[in-house]
Amino acid sequence: MNKKSFRKAFAPILLSILASALSVYAQENSQIASGAPSSVAGPNDIARLLAGMPVPANSPLAPLTRDLAWQEHSAFFEREFSKLTLRQLQKLHPWEDTYLPEATQSIPVAFYMFSGPDFLYVDQFFPRASVYVLCGKESMGPPPDPLRIANLSGALGNLENAMKSSLATTYFITKDMKVDLQQQNLNGVLPILYVFIARADKSITNVTFGSLTSNGTFQESAPGKKGGSISGVRINYTDNQTGSSQTLYYFTTDISDGGIKSTPGFLKFCERFGIGSSFLKSSSYLMFEEGFATIRNFILAHSNRIVQDDSGIPLAYFDPAKWNLRLFGNYLGPIELFKQYYQPKLQELFAQSNPPPLDFGFGYRWNYKEANLLVAERK
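Thresholds, definitions, all that
Residues numbered from 1 in each chain as written. Predicted model: local features only at pLDDT ≥ 70, side-chain atom pairs only at ≥ 80, totals over all residues. Heavy atoms only, no water. Phe/Tyr/Trp six-rings, centres within 6.5 Å; stacked < 30°, edge-to-face > 60°. Helix = DSSP H or I, 4+ residues; strand = E, 2+ residues; numbered from the N terminus. Buried < 20%, exposed > 50% of the residue type's maximum accessible area, 1.4 Å probe, protein only. pLDDT = per-residue confidence, 0-100. Contact = heavy atoms within 4.5 Å. Polar contact = N/O pair within 3.5 Å; in protein donor to acceptor, adjacent residues only side chain to side chain. Salt bridge = Lys/Arg side-chain N within 4 Å of Asp/Glu carboxyl O. Pairing = 2+ DSSP bridges. Axes fitted to C-alpha atoms, helices over the stretch in contact; angles between N-to-C directions. Parallel < 35°, antiparallel > 145°, perpendicular 65-115°, else oblique. Nonpolar A, V, L, I, M, F, W, Y, C, P; charged D, E, K, R; others polar. Core = buried A, V, L, I, M, F, W, Y, C linked by side-chain atoms within 4.5 Å.

K.L.:
Mind showing me how you'd approach the packing of aromatic side chains here?
P.N.:
Aromatic ring pairs are reported here in terms of the distance separating the ring centres and the angle at which the planes meet. Evaluation of the coordinates by the stated rule reveals 35 aromatic pairs. With 5.3 Å between their ring centres and 35 degrees between their planes, F125 and F279 make a pair best called tilted. Residue F125 is found in helix 4 (residues 119-125), and its partner F279 is found in strand 7 (residues 276-280); the two are separated by 154 residues along the sequence. Since its relative accessible area comes to 0%, F125 is described here as buried. On the basis of an interplanar angle of 65 degrees and a centroid distance of 5.8 Å, the ring pair of F251 and F266 is categorised as edge-to-face.

Written as structure tokens, this is what we have:
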């Protein structure tokens, strides 16, 4: 066989080998980008397992559902999410139909500053955002890998404890969460985000780890490999009811004035999405302090609509020439821990406007009879 015939005969074989090699390389890199653990279980199966929900029979995680520890965990979440639905969600949806029908509109982005892992409520109030941007000081933790957990009962119990206050009230208790999230195995906010996404009837399609550069570019990287100054995760999922594809970002970052000055990438990343909607709940009244002026001004400048409780942006910063305000519920002032942030003018406004009641708890006032909610719409 001459050289020409040799090349002609073996060219298809070489192309086939090259194609196979590229396919393997793409799969391996896809697993790295998506944070898929060594168990080869996909992130959606992992999310469902952590949420106490069934996984496909052919999933590598299926054997774990026969473990008594997982069955008890599943029963716990079934009870807690059922109570949450009865107490909160089935009352919130009719309220939105009546008082906030625009919540069902498609929006480009929903910003939820000071969120921690609380995806539950921003999804309830802005269910059709194309992109959600969440942030907090809590770290993500490593990609959860249930098949590598030596003590499944202990790890699932830790996850339950980290979420207990949020399910029973409407917010995470930061000091308790710090302890829970630092326990080994299911640590960080990622397992909690997984649970909320799965329980919201969504299917995760891809999970990409990365970090933000100083100019706000999200760079992909393997889990634990910090390329930029702010670590983060991008979770792509499909809403099973509507079939729409949506994206959730979570970043571990300090959004005080000093934090933004030293690591400006987060706000530059947010600026890329333009004008959207903002959600603020149980945010420790941080934007009452001058040390958080930058993030407060960013939210006011980049939002057409802001849904918040009284712990968000103080009333004094809503210019009546630029914003229409709608009030709901009762304003009893902050809880004892934050009593110094009482707003007399907000109290007057509530007294004058006779606002419609709330049927669900919101923020630190998780008893619906005491809760308040403010919707600010840009004029």
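K.L.:
Can you help me understand the confidence of the model for the chain in this one?
P.N.:
Atom-level detail of predicted coordinates should not be read off regions where pLDDT is low. Per-residue confidence for the chain gives a mean pLDDT of 85; residues scoring 70 or more make up 83%. Scored below 50 in pLDDT, residues 170-174 shows 26 contacts in the model against residues more than four places distant or in partner chains.

K.L.:
Just to check I follow, could you spell out the environment of R128 for this structure?
P.N.:
Note that R128 resides in the loop between helix 4 and strand 2 (129-136). On the basis of relative accessible area, R128 is assigned to the partly exposed category, the value being 46%. Residues R128 and S245 lie 117 residues apart in sequence; the distance between their C-alpha atoms is 9.6 Å. Engagement of the side chain of R128 in a polar contact is seen with the backbone oxygen of T104, the distance being 3.4 Å.

K.L.:
What is the right way to read the pattern of salt bridges from this model?
P.N.:
Side chains carrying opposite charge are able to pair once their charged atoms draw close together. In the structure shown here, the tally under the stated rule is 13 salt bridges. Between D239 and K202 there is a salt bridge, and its shortest N-O distance comes to 2.8 Å. One end of the pair, D239, is in strand 5 (residues 230-239); the other, K202, is in strand 3 (residues 202-212), with 37 residues separating them in the sequence. Just as D239 is buried, K202 falls in that class too. E377 is the partner of R326 in a salt bridge, and the nearest nitrogen-oxygen pair spans 3.2 Å. Here the residue R326 occupies a position in strand 9 (residues 323-329), and E377 occupies one in strand 10 (residues 372-378), the gap between them amounting to 51 residues. Classification of E377 by relative accessible area gives buried; the value is 17%. Salt bridges here are not isolated pairs; linked through shared partners, they connect E102, R305, R326 and E377.

K.L.:
What is the right way to look at the pairing of strand 5 in this model?
P.N.:
Two faces, one strand: in a regular strand the side chains alternate between the faces of the sheet. Among the ten residues of strand 5, eight are classified as buried, and the element is accordingly described as predominantly covered. Strand direction decides the pairing type here: strand 3 and strand 5, joined by ten bridges, are antiparallel. Paired with V207 across the two strands is I235, which belongs to strand 5. Alignment of strand 5 against strand 6 (residues 245-252), held across seven bridges, turns out to be antiparallel. When the sheet's bridge partners are listed, I235 is paired in strand 6 with L248. Where strand 5 folds back on strand 6, the antiparallel hairpin that results is connected by five residues, among which G243 adopts a positive phi of roughly 80 degrees.

K.L.:
Mind showing me how you'd approach the side chain of E102 here?
P.N.:
Along the polypeptide, E102 turns up in the loop between helix 3 (68-99) and strand 1 (107-112). A distance of 2.5 Å separates a polar atom in the side chain of E102 from a polar atom in the side chain of R326. Beyond its immediate stretch of four places on either side in the chain, E102 contacts R305, R326 and E377.

K.L.:
Looking at this structure, how should I read the packing of helix 2 (residues 43-50) against helix 7 (residues 190-199)?
P.N.:
The relative placement of two packed helices is expressed as an angle between their axes plus a distance between the axes. Taken N-terminus to C-terminus, the directions of helix 2 and helix 7 make an angle of 85 degrees; their axes are 8 Å apart at the nearest point. Judged by the inter-axis angle, helix 2 sits roughly perpendicular to helix 7. The segment helix 2 lies against helix 7, with P43, I46, A47, R48 and L50 engaging P191, Y194, V195 and A198. When its residues are assigned to classes, the contact of helix 2 with helix 7 shows eight nonpolar, no polar and one charged.

K.L.:
What's the story with the sheet that holds strand 2 in this structure? I'm lost.
P.N.:
Taken together, ten strands build an open sheet; the order of strands is 4-3-5-6-2-1-7-8-10-9 and the sheet is mixed. Here the strands that pair on one side only, and so sit at the sheet edges, are strand 4 (218-220) and strand 9. Neighbour to neighbour, the strand axes of the sheet diverge by 25 degrees on average, direction disregarded. As judged from the seven bridges shared by strand 9 and strand 10, these two strands associate in the antiparallel manner.

K.L.:
Looking at this model, I keep getting lost on helix 2. Mind explaining?
P.N.:
Within an α-helix, residues lying three or four positions from one another point in the same direction, as the helix has 3.6 residues per turn. Here helix 2 lies mainly inside the structure; seven of its eight residues are buried. Looking only at helix 2, the buried set comprises P43, N44, D45, I46, A47, L49 and L50. G52 lies just past helix 2 and shows a positive phi near 75 degrees.

K.L.:
Would you take a moment to explain the nonpolar core for this structure?
P.N.:
Nonpolar side chains in soluble globular proteins generally cluster together in the buried interior. If you look at the biggest cluster of nonpolar residues, it comprises 69 residues, and the most contacted ones within it are F119, F125, I235 and L373. Leaving out residues up to four positions away in the same chain, L373 has contacts with W95, F125, V307, Q308, R326, L327, F328, L358, F360 and F362.

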